[in-house]
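Chain by chain, the residues:
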Amino acid sequence: MKLSLSQPLQLTSPRLPLAVYREIVAHLRQVEGIDAKLIMRSLTHDPTEKFDYAQSQVKALAIIPEADLTNQAQLQVNCILGHYAGVYAPWEYS
């Protein structure tokens, strides 16, 4: 999946562990012109929702590019995300 980073976006991988999400954020933040953060799931429990131990604690990965992001930076972000998609599961837009 090749992403266009002309504006902020949110990605998710429902079964990705919290530690891996944190690792991805650390890698993305090393790319010049990119900020990344995690959006966590709500801490309030919905009694109608069945708890799933395999579900990630993270709701989404937010990627925030600067306005003047270079093609090299976009390529780096796509390589990082592509690596994790190949190892774990494809990314979904949220």
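Residues numbered from 1 in each chain as written. Predicted model: local features only at pLDDT ≥ 70, side-chain atom pairs only at ≥ 80, totals over all residues. Heavy atoms only, no water.

Trainee: Lay out the overall build of the protein in plain terms, naming residues and giving numbers.
Mentor: In terms of regular secondary structure, the protein is built from 2 helices and 4 strands. Each helix and strand of the protein, ordered N terminal to C terminal, gives the series β-α-β-β-α-β. When burial is assessed residue by residue, the protein has 35% of its 94 residues classed as buried. Across the protein, every contact between residues at least 6 apart in sequence was considered, and the portion connecting residues at least 24 apart equals 73%. Surface exposure of the protein reaches about 6,400 Å², of which carbon and sulfur atoms provide 53%. (Helix = DSSP H or I, 4+ residues; strand = E, 2+ residues; numbered from the N terminus. Buried < 20%, exposed > 50% of the residue type's maximum accessible area, 1.4 Å probe, protein only. Contact = heavy atoms within 4.5 Å. Areas by Shrake-Rupley, 256 points an atom, 1.4 Å probe, with all protein chains shown as cover.)

Trainee: Quick one: what's the story with the pairing of strand 1 (residues 9-12), residue by residue and with numbers?
Mentor: Across 3 bridges, the pairing between strand 1 and strand 3 (residues 58-65) is antiparallel. For Gln10, the partnering residue across the bridge sits in strand 3 and is Ala62. (Pairing = 2+ DSSP bridges.)

Trainee: I'd love a proper account of the packing of aromatic side chains, names of residues and values included.
Mentor: As enumerated under the stated definition, the model contains 2 aromatic pairs in all. Residues Tyr84 and Tyr88 carry aromatic rings whose centres are separated by 6.4 Å and whose planes lie at 10° to one another, so their mutual orientation is stacked. Assessed through its relative accessible area of 5%, Tyr84 is described here as buried. Judged by its relative accessible area of 43%, Tyr88 falls in the partly exposed class. (Phe/Tyr/Trp six-rings, centres within 6.5 Å; stacked < 30°, edge-to-face > 60°.)

Trainee: Outline the nonpolar core, supporting the account with residue identities and numerical values.
Mentor: Formed by 23 residues in total, the largest nonpolar core has its most connected members in Ile24, Leu28, Ile34, Leu61, Ile63, Leu81 and Trp91. Mapped onto this core, the elements with two or more residues apiece are strand 1, helix 1 (18-29), strand 2 (34-40), strand 3 and helix 2 (71-87). Here the element with the most residues in this core is helix 1; it accounts for 6 residues. (Core = buried A, V, L, I, M, F, W, Y, C linked by side-chain atoms within 4.5 Å.)

Trainee: Outline the sheet that holds strand 2, supporting the account with residue identities and numerical values.
Mentor: Taken together, the 4 strands give an open sheet; going across it, the order is 2-3-1-4, and neighbouring strands pair in antiparallel fashion. Each edge of the open sheet carries a strand with a single partner, namely strand 2 and strand 4 (92-93). Pairing between strand 2 and strand 3: 7 bridges, direction antiparallel. Its bridge partner being in strand 3, Asp35 is matched across the sheet by Ile64. Across the sheet, helix 1 is in contact with strand 1, strand 2 and strand 3; its angle to strand 2 comes to roughly 160°. (Axes fitted to C-alpha atoms, helices over the stretch in contact; angles between N-to-C directions.)

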